[in-house]
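This is what each chain is made of:
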Amino acid sequence: AADDGVKPQTKEAIEIINRLNLPFVVAMNKADKPGIIVEKVKKQLADNGVLVETMGGKAPAVLTSAKTGKGIDDLLEMILLLAEMEGLKKDNGLPAQGIVIESFLDPRRGATATLLVKKGTLFSKDIVVTESTFGSIKTMEDFRGRPIEQAGPSTPVCLTGFESAPPVGEEWEVASDIERARQRALQKGELEKKKREPAKIIDPDSDQKVFNIILKADVFGSLEVLRSMLAAIPQEEIILRVVEAEVGEINEADVKLAYSAKAKIFGFRIKAAALAQNLAARQGVGIFNFEVIYELIQAVRAQMGLMLAPEIVKEEIGQIKILAIFKQDGRRQIIGGRVIRGKAERGAVVEVIREGQNLGRGRLIQLQANKEDVDTCAKDRECGLLFDSDVRVEKGDVLVMIKEERKRREL
């Protein structure tokens, strides 16, 4: 972007281009905005190793505007010219093959995938087999959603007709008949099934806490990003187990699985069917839908955090030094002492300290000052105590009164 100049992502692209020795064109977008100084952007590019033609270099540069369309035709002509100079040619007569760049389950059209044709020509009546699924093409559309009859190399197409949505990144090719396509998919199906596994399912120890989730997303690309980000959540105390991860809307089968697995359902940019929502409400299954990946990840972390044991924060209230033992009957002990730090407080949790060692705990049941019941007793005042504890208190012991607060922990 001409108004932003060279940013970190631009530097990364330059580094990849140089490493792989790729031909390239510099497109300076937003060049029509007022106040843009094109020469300044060219200088930034030069500082990062890209010298454009107008500055004596070899890199072609085109000024464009995605908003008005200015320069787009020039950019396309430059790409074609560069491809011709580099001799980038393909044989259109070969059987088509390529790679899956996106896939999802359309509620109306079924398994849908976006394929990139890398070699040959794909026709609208072909049979396509990927590494894990296959299908006879029902519809074939270009990037604008218009029906097309054929697609040559470097062309993206959107297809329907697959048995299931193929994972992103799988290679595909045209098969001669449907039976051969089925057999090929079956042969590689088990190996490629691992690509669909959202997370390693661990059989935890009996005392290990496990948070089960079912993950549903709009497309496989989203699902893969979610998988990697969920795997980065700390799991030392709680194991995150993805019971199922699929594309498509949340249905009744998902709710039934969640109920049996005691799992929660997290959806990304999809909806839950009305029947699924009603069933979830009856069975008490939690369904959470999100439009932003970060928010989904944070929600999973928060739900896992609810399973963590709370952190106990201790705060010292005061200390009493024991001066006299009046009566000890089992756990109940009547004693006398002086507040040497802070204050004494009725009902406080007490730790018994003898010669620097913590002998155990108890509770201050009753507190008296001047033979009257009080709630607190200030520093340097003497008081009588009714103390409840397994520890038998002795003269000279110090009772440390503490206040405990339970704080919710987060991952």
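Heads up: the structure comes first, above all this text.
Every chain's residues receive numbers from 1 upward, in the order its sequence appears when written. Residues qualify for local features only when their pLDDT is at least 70, as the model is predicted, and side-chain atom pairs are given and counted only at 80 or more; totals for whole chains, interfaces and linings, by contrast, use all residues. Neither water nor hydrogens contribute to the side-chain values; these are computed over all heavy atoms in the structure.

**Focus: the packing of helix α6 (residues 252-261) against helix α7 (residues 274-283)**
Item 1. Between N-to-C directions, angles cover 0 to 180 degrees, with each direction set by a line fitted to C-alpha atoms, over the stretch in contact for helices. In this description a helix means any DSSP run of H or I spanning at least four residues, a strand means any run of E spanning at least two, and both kinds are numbered starting from the N terminus. Where α6 contacts α7, the axes come no closer than 8 Å and their chain directions differ by 20°. Here α6 lies roughly parallel to α7, going by the angle between them. Seen along the crossing, α6 lies across α7 with a hand that is right-handed. Here E252, V255, K256 and Y259 of α6 lie close against α7, whose contacting residues are L275, A276, L279, A280 and Q283.
Item 2. Classification convention: Asp, Glu, Lys, Arg as charged; Ala, Val, Leu, Ile, Met, Phe, Trp, Tyr, Cys, Pro as nonpolar; all other residues, Gly among them, as polar. Here the residues of the contact of α6 with α7 are counted per class, giving six nonpolar, one polar and two charged. By definition in this entry, angles of less than 35 degrees are roughly parallel, angles greater than 145 are roughly antiparallel, angles of 65 to 115 are roughly perpendicular, and the rest are oblique. Take the far helix as your reference; a near helix turned counterclockwise from it by less than a right angle gives a left-handed crossing, and one turned clockwise gives a right-handed crossing. Contact between two residues is taken to exist if any of their heavy atoms lie within 4.5 Å; hydrogens are not considered.

**Some details on the packing of aromatic side chains**
The relative placement of two aromatic rings is captured by the distance of their centres and the angle of their planes.
Item 1. When two rings of Phe, Tyr or Trp (its six-membered ring) have centres within 6.5 Å they constitute a pair, described as stacked for plane angles under 30 degrees, edge-to-face for angles over 60, and tilted for the intermediate range. Under the defined criterion, the tally for this structure stands at three aromatic pairs.
Item 2. The interplanar angle of 70° and the centroid separation of 6.5 Å between the aromatic rings of F211 and F266 together place this pair among those described as edge-to-face. Taken together, the residues F211 in strand β11 (residues 209-217) and F266 in strand β13 (residues 264-268) connect sequence positions 55 residues apart.
Item 3. For F211, a relative accessible area of 5% puts it in the buried group.
Item 4. Accessibility expressed as a relative area gives 0% for F266, which makes it buried.
Item 5. Three or more aromatic residues joined by ring pairs form one cluster here, namely F211, F266, F288 and F290. When a residue's accessible area, from a 1.4 Å probe over protein chains only, is under 20% of the maximum for its type it is buried; when over 50% it is exposed; and in between it is partly exposed.

**Looking at the sheet that holds β11**
Item 1. At least two bridges found by DSSP between two strands are what make those strands a pair. Ordered in space as β12-β11-β13-β14, the four strands form an open sheet in which the pairing is parallel. Only two strands of the sheet have a single partner each, and these edge strands are β12 (238-247) and β14 (287-290). Strand-to-strand twist across the sheet, computed as the mean angle between neighbouring axes with direction ignored, equals 25°.
Item 2. Here five bridges tie β11 to β13, and the two strands are oriented parallel to one another. Residue pairing across strands places K216 opposite G267, the latter belonging to β13.
Item 3. Across the sheet, helix α5 (residues 220-231) is in contact with β11, β12 and β13; its angle to β11 comes to roughly 160°.

**Comments concerning the pattern of salt bridges**
Item 1. The salt bridge definition used is simple: a Lys or Arg side-chain nitrogen within 4 Å of an Asp or Glu carboxyl oxygen. Tallied over the entire structure, the rule returns 23 salt bridges.
Item 2. When the shortest N-O distance is used, the salt bridge between K30 and D3 registers 4.0 Å. Of the two residues, K30 is situated in the loop between β1 (26-28) and α2 (38-47) and D3 in the segment before α1 (8-20); the sequence distance between them amounts to 27 residues.
Item 3. Among the residues examined, D3 registers a relative accessible area of 31% and is labelled partly exposed.
Item 4. A salt bridge links D388 to R332, with the shortest nitrogen-to-oxygen separation between them at 3.4 Å. Of this pair, D388 sits in strand β22 (residues 382-389) while R332 is found in strand β16 (residues 332-342), placing the two residues 56 residues apart along the sequence.
Item 5. The exposure class assigned to D388 is buried, which follows from its relative accessible area of 15%.

**Structural notes on the nonpolar core**
Item 1. Counting residues in hydrophobic clusters, the biggest one holds 41 residues, and the most contacted among them are L115, L122, L159, L215, F266, L296 and V300.
Item 2. Breaking this core down by element, the ones donating at least two residues are β4 (110-119), β7 (134-141), β9 (155-162), β11, α5, β12, β13 and α8 (293-305).
Item 3. Sequence-distant contacts of L215, defined by excluding residues within four places in its chain, comprise L223, L226, L230, V242, E244, A245, E246, F266 and L296.
Item 4. Residues belong to a common nonpolar core when they are buried Ala, Val, Leu, Ile, Met, Phe, Trp, Tyr or Cys residues joined through side-chain atoms within 4.5 Å. With 20 residues, the next largest nonpolar core counts I317, V350, A369 and F387 among its residues.

**Observations regarding the pairing of strand β6 (residues 127-130)**
Item 1. By the alternation rule, side chains of β6 split into I127 and V129 and V128 and T130, which are all buried.
Item 2. In sequence, β6 turns back onto β7 through a hairpin of three residues.
Item 3. Where β6 meets strand β10 (residues 171-175), four bridges bridge the pair, whose relative direction is antiparallel. Residue pairing in the sheet places V129 in a bridge with E173 of β10.

**Let's talk about the sheet that holds strand β3 (residues 97-106)**
Item 1. A barrel is described by the order of its strands in space; here six strands give the closed sequence β3-β4-β9-β7-β6-β10, paired in antiparallel fashion. Taking each pair of neighbouring strands and ignoring which way they run, the sheet shows an average axis angle of 45°.
Item 2. Two strands pair when backbone bridges link them, and β6 and β7 are joined in this way by three bridges, in the antiparallel orientation. What sits directly across from I127, in β7, is S136.

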